[in-house]
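Single-letter residue listing:
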Amino acid sequence: MENELATLFADSAVRRLRQYRDRIEKCVHALAEDQIWARGSENENAIGNLILHLEGNVRQWILGGVDGQPDHRVRDVEFSTRGDVSTGQMWEKLNATVEEAATVTGSLTGRELVEKVTIQGYPVSKLEAVFHVVEHFALHSGQIMFATKMLTHQDLGFYKHLGSITAPAHREQTP
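This text gives an overview of the structure that appears in the document. (Residues numbered from 1 in each chain as written. Predicted model: local features only at pLDDT ≥ 70, side-chain atom pairs only at ≥ 80, totals over all residues. Heavy atoms only, no water.)

1. Comments concerning a nonpolar patch on the surface
On the surface, Met1, Leu5 and Leu8 cluster together to form a nonpolar patch covering roughly 380 Å² of accessible area. As for its position among the elements, leucine 5 is in helix 1 (residues 2–30). (Patch = residues over 30% accessible without salt bridge, like charges linked within 9 Å, V, L, I, M, F, W, Y side chains within 5 Å. Areas by Shrake-Rupley, 256 points an atom, 1.4 Å probe, with all protein chains shown as cover. Salt bridge = Lys/Arg side-chain N within 4 Å of Asp/Glu carboxyl O. Helix = DSSP H or I, 4+ residues; strand = E, 2+ residues; numbered from the N terminus.)

Structure below.
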């Protein structure tokens, strides 16, 4: 039973990470390079910064914290970068990190999920670390999707399978 729950949790976490990663990929392909680095003010993050930040977070929490790999993250650089990284390089790095994290997460046993680790000074179980990463990834993926819709004025089509939305509110454009 313990390993069944561990497998259920790990499989769900991996599926969600890949789903959000794939949605970010669709956004990246819908945008020009200048849109990926666009920001309304210095208090806002560009999509590029969010992608760098997600890669750093997954690497630190799952590859470093859960798997024990060295942690070389420089979090401030994720937010201070202003287009010095190509979209292709950024995307390849995020994709590779998510896949490596998926392998680590998918192999966790029930016993390993309850082990305690310290990440960014926070004592957490490995289960909490994975849960944090999926939750964090979902949050910033949503920001990326929202920004992409604002920049492209297009429906990204993630919910086409649910049918057509015909409610008047969904057809109105925000002033």
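2. Some thoughts on unusual backbone geometry
Within the chain, glutamine 120 stands out as a residue other than glycine whose phi angle is a positive 55°. Residue classification places glutamine 120 among the partly exposed residues on the basis of a relative accessible area of 40%. Notably, histidine 153 is not glycine yet its phi reads approximately 60°, a positive angle. Tracing the backbone through its elements, the reader meets histidine 153 in the segment after helix 7 (126–152). We classify histidine 153 as exposed; its relative accessible area is 65%. (Buried < 20%, exposed > 50% of the residue type's maximum accessible area, 1.4 Å probe, protein only.)

3. With respect to helix 7
Its 27 residues place the ends of helix 7 38 Å apart at the C-alpha level, agreeing with the 39 Å of an ideal helix rising 1.5 Å per residue. Looking at the residues trailing helix 7, positive phi occurs at histidine 153, about 60°. (Expected span 1.5 Å × (residues − 1).)

4. Some points on the packing of helix 3 (residues 47–66) against helix 5 (residues 87–106)
Close contact between helix 3 and helix 5 brings their axes to 9 Å; oriented N to C, the two are set at 25°. When the axis of helix 3 is compared with that of helix 5, the two are roughly parallel. Considering how the two elements wind past one another, helix 3 and helix 5 form a crossing that is left-handed. Contact residues: helix 3 offers Gly48, Ile51, Leu52, Leu54, Glu55, Val58, Arg59, Ile62, Leu63 and Val66, while helix 5 offers Met90, Lys93, Leu94, Thr97, Glu100, Ala101, Val104 and Thr105. Here the contact of helix 3 with helix 5 is composed, by residue class, of 11 nonpolar, three polar and four charged. (Axes fitted to C-alpha atoms, helices over the stretch in contact; angles between N-to-C directions. Parallel < 35°, antiparallel > 145°, perpendicular 65-115°, else oblique. Left-handed = near helix turned anticlockwise from the far one by under 90°. Contact = heavy atoms within 4.5 Å. Nonpolar A, V, L, I, M, F, W, Y, C, P; charged D, E, K, R; others polar.)

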